[in-house]
Amino acid sequence: MLLNPFYPLTFLKISSLKATIVFLSILLIKSNLLRLKGGLIGGLFALILISGILASSTIALGSLFYAYRLKKESNPDDNQMQDLETVNV
């Protein structure tokens, strides 16, 4: 059996191809993980924004309802001005 004199070059080609495939696979997995992480962070941020808008709207509606109820319950006779006199010492 004769030895191929170009065997070391072929071995280097195959080894470099394997290393390139492993490197590209690592980059692909990393990019997918980053995309997943970015999606989770973006979704969490959107959830926080939506819940903040919902909470502030609820508080605003509650305060408007409370002011309307106070205005409805108050009588016009209760809002008369009192005559105050100054006190001289």
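Residues numbered from 1 in each chain as written. Predicted model: local features only at pLDDT ≥ 70, side-chain atom pairs only at ≥ 80, totals over all residues. Heavy atoms only, no water.

Engineer: Any chance you could explain the overall build of the chain here in plain terms?
Structural biologist: A tally of regular secondary structure across the chain gives 1 helix and 0 strands. The burial tally for the chain puts 0% of its 89 residues in the buried class. For the chain, the exposed area adds up to about 9,100 Å²; of that, 71% sits on carbon and sulfur atoms. (Helix = DSSP H or I, 4+ residues; strand = E, 2+ residues; numbered from the N terminus. Buried < 20%, exposed > 50% of the residue type's maximum accessible area, 1.4 Å probe, protein only. Areas by Shrake-Rupley, 256 points an atom, 1.4 Å probe, with all protein chains shown as cover.)

Engineer: How do you make sense of a nonpolar patch on the surface when you look at a structure like this?
Structural biologist: Judged by side-chain polarity, Phe6, Tyr7, Leu9, Phe11 and Leu12 come together as a nonpolar surface patch covering roughly 600 Å² of accessible area. By the element assignment, Phe11 lies in helix H1 (residues 7–73). For Phe11, a relative accessible area of 49% gives the class partly exposed. (Patch = residues over 30% accessible without salt bridge, like charges linked within 9 Å, V, L, I, M, F, W, Y side chains within 5 Å. Salt bridge = Lys/Arg side-chain N within 4 Å of Asp/Glu carboxyl O.)

Read these as spatial facts, not as claims about activity.
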